[in-house]
Amino acid sequence: MRWVAHIAINAVLLLALAGYFDSIYLSSVGAALVASVLLSFLNTFVRPLLVLLTLPVTVLTFGLFLFVINAMTLAMTAWLMGSSFQIGGFRTALFASLAISLFHLIIESVRKEK
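Because the structure is a prediction, the values reported are computed rather than measured.

1. Digging into the packing of aromatic side chains
Using the criterion set out here, one finds two aromatic pairs in the structure. Taking 5.1 Å as the distance between ring centres and 80° as the angle between the ring planes, the aromatic pair formed by Tyr-20 and Phe-21 counts as edge-to-face. On the basis of relative accessibility, which here comes to 65%, the residue Tyr-20 falls in the exposed class. Judged by relative accessible area, Phe-21 falls into the buried class, the value being 18%. An angle of 50° between the planes, with centres 4.8 Å apart, marks the rings of Phe-41 and Phe-45 as tilted. On the criterion of helical spacing, the pair formed by Phe-41 and Phe-45 is a turn pair, its members being four residues apart in helix α2 (residues 29-45). When its relative accessible area of 44% is taken as the criterion, Phe-41 is described as partly exposed.

2. Let's talk about the side chain of Ser-36
Among the secondary structure elements, Ser-36 is positioned in helix α2. What makes Ser-36 buried here is its relative accessible area of 0%. In this structure the side chain of Ser-36 is engaged in a polar contact, spanning 2.7 Å, whose partner is the backbone oxygen of Ile-7. Other than its neighbours up to four places away in sequence, Ser-36 contacts His-6, Ile-7, Asn-10, Ala-11 and Leu-14.

3. A few points about the environment of Phe-103
Mapped onto the elements of the fold, Phe-103 is located in helix α6 (residues 90-113). Given a relative accessible area of 41%, Phe-103 falls into the partly exposed group. As for Phe-103 and Ala-32, which are separated by 71 residues in sequence, their C-alpha atoms are 17 Å apart.

4. As for the UniProt feature "transmembrane region" (unreviewed entry) in the protein chain
Residues annotated by UniProt as "transmembrane region" (unreviewed entry) correspond here to residues 28-46, 53-81 and 87-107. As annotated, residues 53-81 comprises 83% helix and 0% strand, and the C-alpha atoms at either end are separated by 25 Å.

5. Concerning α6
For α6, which comprises 24 residues, the first-to-last C-alpha distance of 35 Å matches the rise-based estimate of 34 Å (1.5 Å per residue) to within 8%. Residues of α6 that are buried include every one of Thr-92, Ala-93, Ala-96, Ser-97, Ala-99, Ile-100 and His-104, and no others. Where α6 is buried, its residues meet α1 (2-20), β1 (24-26), α5 (65-81) and β2 (85-87).

6. With respect to a nonpolar patch on the surface
Among the surface-exposed residues, Leu-102, Phe-103, Leu-105, Ile-106, Ile-107 and Val-110 lie close enough to one another that they form a single nonpolar patch of about 530 Å² accessible area. Structurally, the position occupied by Val-110 is in helix α6.

7. Quick word on the environment of Thr-92
By the secondary structure assignment, Thr-92 is in helix α6. Along the sequence, Thr-92 and Ile-24 sit 68 residues apart, while their C-alpha atoms lie 7.7 Å from each other. Every residue in contact with Thr-92, bar those within four places of it in the chain, is listed here: Phe-21, Ser-23, Ile-24 and Ile-87.

8. Let's talk about the nonpolar core
Of all hydrophobic cores here, the largest spans 22 residues; its most connected members are Leu-14, Leu-17, Ile-24, Leu-26, Leu-74, Phe-85 and Ile-87. Contributing elements (two or more residues each) for this core: α1, β1, α2, α5, β2 and α6. Broken down by element, the residue count for this core peaks at five residues, all from α1. With residues up to four places along the chain from it excluded, the contact list for Leu-74 reads Leu-14, Leu-39, Phe-85, Ile-87, Ala-93, Ala-96, Ser-97 and Ile-100.

Definitions and cut-offs
Residues numbered from 1 in each chain as written. Predicted model: local features only at pLDDT ≥ 70, side-chain atom pairs only at ≥ 80, totals over all residues. Heavy atoms only, no water. Phe/Tyr/Trp six-rings, centres within 6.5 Å; stacked < 30°, edge-to-face > 60°. Buried < 20%, exposed > 50% of the residue type's maximum accessible area, 1.4 Å probe, protein only. Helix = DSSP H or I, 4+ residues; strand = E, 2+ residues; numbered from the N terminus. Polar contact = N/O pair within 3.5 Å; in protein donor to acceptor, adjacent residues only side chain to side chain. Contact = heavy atoms within 4.5 Å. UniProt positions renumbered as here; feature names shortened; annotations may be inferred. Expected span 1.5 Å × (residues − 1). Patch = residues over 30% accessible without salt bridge, like charges linked within 9 Å, V, L, I, M, F, W, Y side chains within 5 Å. Areas by Shrake-Rupley, 256 points an atom, 1.4 Å probe, with all protein chains shown as cover. Salt bridge = Lys/Arg side-chain N within 4 Å of Asp/Glu carboxyl O. Core = buried A, V, L, I, M, F, W, Y, C linked by side-chain atoms within 4.5 Å.

What follows is the structure, encoded as structure tokens:
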């Protein structure tokens, strides 16, 4: 059940980011849900491999390189989705991943307070 809530929250965040950034395009709410599921899949299976491969850089940057990895998985999601989800460039993907991480941090802190 928690996974479904996480997918729904990510879909809403992706829709909000598409409304905020001109260089992010989502064709529909369904595309946002599919992108959210795909992003969850990539974060589960691909992200750990990327973290392992870039561990020295991540350690040298005190973990800040993880934002770059998040942006890479978001860009991979857009690439796999094709024309229904597009991101204008890596800079936009980086800012979007920062925003998603910030919102998840806020949501988790509010959830843990209850």
